[in-house]
Structure formats: C-alpha cells, structure tokens
Amino acid sequence: ETTGLDRKQDKIIEIALVKFDEETFEIIETYSTFINPGISIPELISNITHIHNSDVENAPKIKEVQLEILQFIWNYPLLWHNVSFDRDFFIENGIDISQNITLDTFFLANFLCLYVKSLNLEMLCKHFWIWFSWAHRALNDVYATIWLFEKLLEKFQWLSKEKKEQLHYIFSLSED
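No experiment lies behind these values; they were computed from the predicted model shown.

Reading guide: rules and limits
- As a convention, each chain's residues are numbered from 1 in the sequence order in which they are written.
- With pLDDT at 70 or above as the cut-off, local features in this predicted model cover only qualifying residues; side-chain atom pairs require 80 or more to be listed or tallied, and sums for whole chains, interfaces and linings still use all residues.
- The side-chain numbers reported here are obtained from all heavy atoms of the structure, hydrogens and water having been left aside.
- Here the term cavity refers to a set of points on a 1 Å grid, laid over the protein atoms alone, in which a 1.4 Å probe fits but cannot get out; the term pocket refers to an open set having protein on both sides within 12 Å along at least five of seven lines, with lining residues being those that place an atom within 4 Å of a point.
- Grid points are joined across faces, edges and corners, and a volume is the space filled by probe spheres set on the points.
- In this description a helix means any DSSP run of H or I spanning at least four residues, a strand means any run of E spanning at least two, and both kinds are numbered starting from the N terminus.
- For this document, the term salt bridge refers to a Lys or Arg side-chain nitrogen within 4 Å of an Asp or Glu carboxyl oxygen.
- Each residue's exposure class comes from its accessible area (1.4 Å probe, protein chains only) as a fraction of the maximum for that residue type: buried when under 20%, exposed when over 50%, partly exposed otherwise.
- Working note: the arc is built from the helix axis to C-beta atom directions.
- Polar contact is the term for a pair of N or O atoms within 3.5 Å; when the atoms are in protein, one must be able to donate a hydrogen and the other to accept it, and sequence-neighboring residues count only if both atoms are side-chain atoms.
- Lines are fitted to the C-alpha atoms to define the axes, a helix being fitted only along its stretch in contact, and any angle between axes, read from their N-to-C directions, falls within 0 to 180 degrees.
- In this scheme the handedness of a crossing depends on how the near helix is turned from the far one: anticlockwise by less than a right angle means left-handed, clockwise means right-handed.
- Whether two residues are in contact is decided by their heavy atoms, any of which lying within 4.5 Å being enough.
- Lys, Arg, Asp and Glu make up the charged group, whereas Ala, Val, Leu, Ile, Met, Phe, Trp, Tyr, Cys and Pro make up the nonpolar group; the residues left over, Gly among them, are polar.
- What counts as a ring pair is set by centres within 6.5 Å for rings of Phe, Tyr and Trp (its six-membered ring), and what kind of pair is set by the plane angle: stacked under 30 degrees, edge-to-face over 60, tilted for all other angles.

Caption draft 1: Structural context of the layout of surface pockets. Its volume calculated, the largest pocket comes out at about 1,400 Å³. What lines the largest pocket is a set of 45 residues, and nearest its centre among them are L79, W80, H81, D86 and V142. Where the lining of the largest pocket is concerned, the elements lending two or more residues are strand 1 (14-20), helix 1 (43-49), helix 3 (62-73), strand 3 (78-80), helix 4 (83-92), helix 6 (121-127) and helix 7 (138-157).

The following block contains the structure:
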C-alpha cells in the first residue's frame, strides 16, 4: 500500500509478501510490515486503506527492511495484480526485482475473463466467489491475488488446445 499513485513522490506504507506452494496453493510463509513513509498519509488514502499516521509512526523506514524483503523474495517468481504499479514502487525504493519473473493476474484476467465488467482485484474476486475483505490492506490483497491466480489457472485448464497456444504466443510477446 502507498500514500498515492506517483512512484516518484508517494511512499510505501505497507508491504506484504507470501510464499505459497505452486501446486497446492498452500501458504508456506508470510512477511508483512507497516512502513514509515516519512510523510503524512493523505486522508483519502487512510479512508481507502484504513492505515493512519499513528499506524506507521513507529514502523521501520523502507531502507531498514530492504534486505529482509530481498531475502524473502530472492529469485522466486513474483505474482501480482497489476504488476507495474507495485514493481515500480519497489524498484523506486531500492528493492531491485527487475530480474525476477513476474506473473500478473490482471494481465491473465484480460484474456480469460472477457465478460467481467471490471478487472480490479475486488471485482474479480466477486466474480469467482473468492472471499475478500479489507481490500487495500497488503496481506489481504496478496491472499486474494493467490486465490484469484488459482481460479484463473483452473479456467485456463478448460481452454481448447488452440486457445492455449494463442495465449502462449501472446504471453511470449509480453515484456513482463
């Protein structure tokens, strides 16, 4: 979670990372922390995230947890919903994940959920009957993204061989 949308001016206020088994989707390990952004959290952001200045005032600064985050991530593939937003904030804050493989549930949903009106995380979870509360809290968003990924993979399994090959070709053209 961040204080806004501009990776150059806004700051990270909460980070959550989860390792899960790629076959069973069982949670293996979690990492979650508030981050002291060094700036005031705008009221609009507090209303969305339910994270307030008092929550982050004694939290570590991003530089204090960079190494922990990088050790947790290591060279594992990274699963995100709307990868460019989070990736750009990480890189801007010295957490270089540019070499990690990234998977984006938003990108997948663009191909697998053609008739869903909105592809934001909350709406996709509703579409797939995934329990999701407290959106815009980092750990909840990560869990929802994992469960969404599982549903998208199930949907992918039911595609014809021809459609799978088409998607494979499209994905091969992607920079991410």
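Caption draft 2: Expanded view of the pattern of salt bridges. Throughout the structure, instances matching the rule amount to six salt bridges. Its salt-bridge partner being R137, residue E14 comes within 3.1 Å of it at the nearest N-O pair. With E14 in strand 1 and R137 in the loop between helix 6 and helix 7, this residue pair connects regions lying 123 residues apart in the sequence. Salt bridges sharing partners connect three or more residues here, namely R7, K8, R87, D88 and E92.

Caption draft 3: Here's a closer look at helix 5 (residues 105-112). Within the span of helix 5, buried status applies to T105, L108, A109 and L112. Seen along its axis, helix 5 keeps its buried residues to an arc of 100°; they face one direction. Of the residues that open helix 5, the one with a side-chain oxygen 2.8 Å from the backbone nitrogen of F106 is D104.

Caption draft 4: Main features of the packing of helix 5 against helix 8 (residues 161-173). At a minimum axis distance of 12 Å, the contact between helix 5 and helix 8 shows a crossing angle of 140°. Note on packing geometry: the crossing formed by helix 5 with helix 8 is right-handed. Mapping the contact onto sequence places F107, L108, F111 and L112 in helix 5 and L167, I170 and F171 in helix 8. Counted by class, the contact of helix 5 with helix 8 contains seven nonpolar, no polar and no charged residues.

Caption draft 5: Region of the structure containing the packing of aromatic side chains. One pass over the structure, following the stated rule, counts eight aromatic pairs. Geometrically, the ring pair formed by F20 and F25 is stacked, given 5.6 Å between the ring centres and 15° between the ring planes. Residue class for F25 comes out buried when judged on its relative accessible area of 11%. With a centroid separation of 5.2 Å and an interplanar angle of 70°, the aromatic rings of F107 and F111 are classed as edge-to-face.

Read these as layout, nothing more, since geometry by itself doesn't imply function.
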